Amino acid sequence: MISSADIEEIRDLFLRQAAAETAHDIEAIDAVLARTPWGQPDPVNFVARAYRFWGREAVLDHFRTIFTDTWQFQLDEKAIRVMPLSPDVAHIYAPTRITAGPAGKPASTYQFHVNEFAIRTADGWRISAIIPVPAQ
């Protein structure tokens, strides 16, 4: 069963991820993504309308690329929802504004319904899936 302390830990995990994205902090992104023991399947993925990244390293490489440009992750903290799915899996939902664009050029802001899945690992709760859905 997921406790209220788990819910707060998952929420804090998501807030750390959001702060890391805005700060372009790849080490902090690395710290929030799930790791699995050697020989087990990698559960990390990032699926969006325009692309799909499978595996932890592919997701980190995606963030390394977008962090060379303008990238800001703004969420409505009051609207974050953490919904337990099983004792070891939770769904995170957050309406989010993402400002993105080529470095040195005007950026655009987009609305997304960000959906993520957190899994309980030996290291605590970590993100396994990132699924931003355009709101417009």
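Note: the structure precedes this text.
The following refers to the structure shown. Keep in mind that what you see is a predicted model, and the values were worked out from it rather than measured. (Residues numbered from 1 in each chain as written. Predicted model: local features only at pLDDT ≥ 70, side-chain atom pairs only at ≥ 80, totals over all residues. Heavy atoms only, no water.)

1. As for the side chain of Arg-56
Applicable threshold: Here a strand is any run of E in DSSP of at least two residues, a helix any run of H or I of at least four, and the numbering for each starts at the N terminus. Definition of a polar contact: a pair of N or O atoms within 3.5 Å, with one able to donate and the other able to accept a hydrogen when the atoms are protein atoms, and with sequence-neighbouring residues admitted only if both atoms are side-chain atoms.
Its place among the elements puts Arg-56 in helix 3 (residues 56-66). Separated by 2.8 Å, the side chain of Arg-56 and the backbone oxygen of Ala-34 make a polar contact.

2. Describing the packing of aromatic side chains
Within a pair of aromatic rings, the relevant descriptors are the distance that separates the centres and the angle that separates the planes. Filter applied, for reference: Between the rings of Phe, Tyr and Trp (Trp by its six-membered ring), a pair exists once the centres lie within 6.5 Å; its type follows the angle of the planes, with under 30 degrees stacked, over 60 edge-to-face, and the other angles tilted. For the exposure calls, accessible area comes from a 1.4 Å probe over protein chains only, and a residue counts as buried if that area is under 20% of its type's maximum, exposed if over 50%, partly exposed in between.
Taken as a whole and assessed by the stated rule, the structure comprises 6 aromatic pairs. Both rings, one in Phe-46 and one in Tyr-51, keep their centres 5.8 Å apart while their planes meet at 40 degrees; by these two values the pair is tilted. Plain terms: the ring middles of Phe-63 and Phe-67 are 5.6 Å apart, the flat faces sit at 40 degrees to each other, and that makes the pair tilted. Each member of the pair, Phe-63 as well as Phe-67, is classed as buried. One aromatic cluster in this structure is built from Phe-46, Tyr-51, Phe-53, Phe-63 and Phe-67.

3. Regarding helix 1 (residues 4-23)
Since one α-helical turn is 3.6 residues long, residues separated by three or four positions face the same way. Short version of the rule: To estimate how far a helix should extend, the number of its residues minus one is multiplied by 1.5 Å.
Over its 20 residues, helix 1 extends 29 Å from the first C-alpha to the last, a length consistent with the 28 Å expected when each residue adds 1.5 Å. In the segment just after helix 1, His-24 is the residue with positive phi, at about 60 degrees.

4. Some points on the pattern of salt bridges
Heads up, the rule is: Salt bridges are defined by distance alone: a side-chain nitrogen of Lys or Arg within 4 Å of a carboxyl oxygen of Asp or Glu.
Applying the stated criterion across every chain yields a total of 5 salt bridges. A salt bridge links Asp-6 to Arg-120, with the nearest nitrogen and oxygen atoms 3.3 Å apart. Of this pair, Asp-6 sits in helix 1 while Arg-120 sits in strand 6 (residues 108-121), and the two are 114 residues apart along the sequence. Its relative accessible area of 9% is what places Asp-6 among the buried residues. Put simply, Asp-30 and Arg-35 hold a salt bridge, and the shortest N to O gap is 2.8 Å. Each of Asp-6, Asp-88 and Arg-120 takes part in salt bridges that share partners, so that together they form one network.

Purely spatial values, then, with no claim about function.
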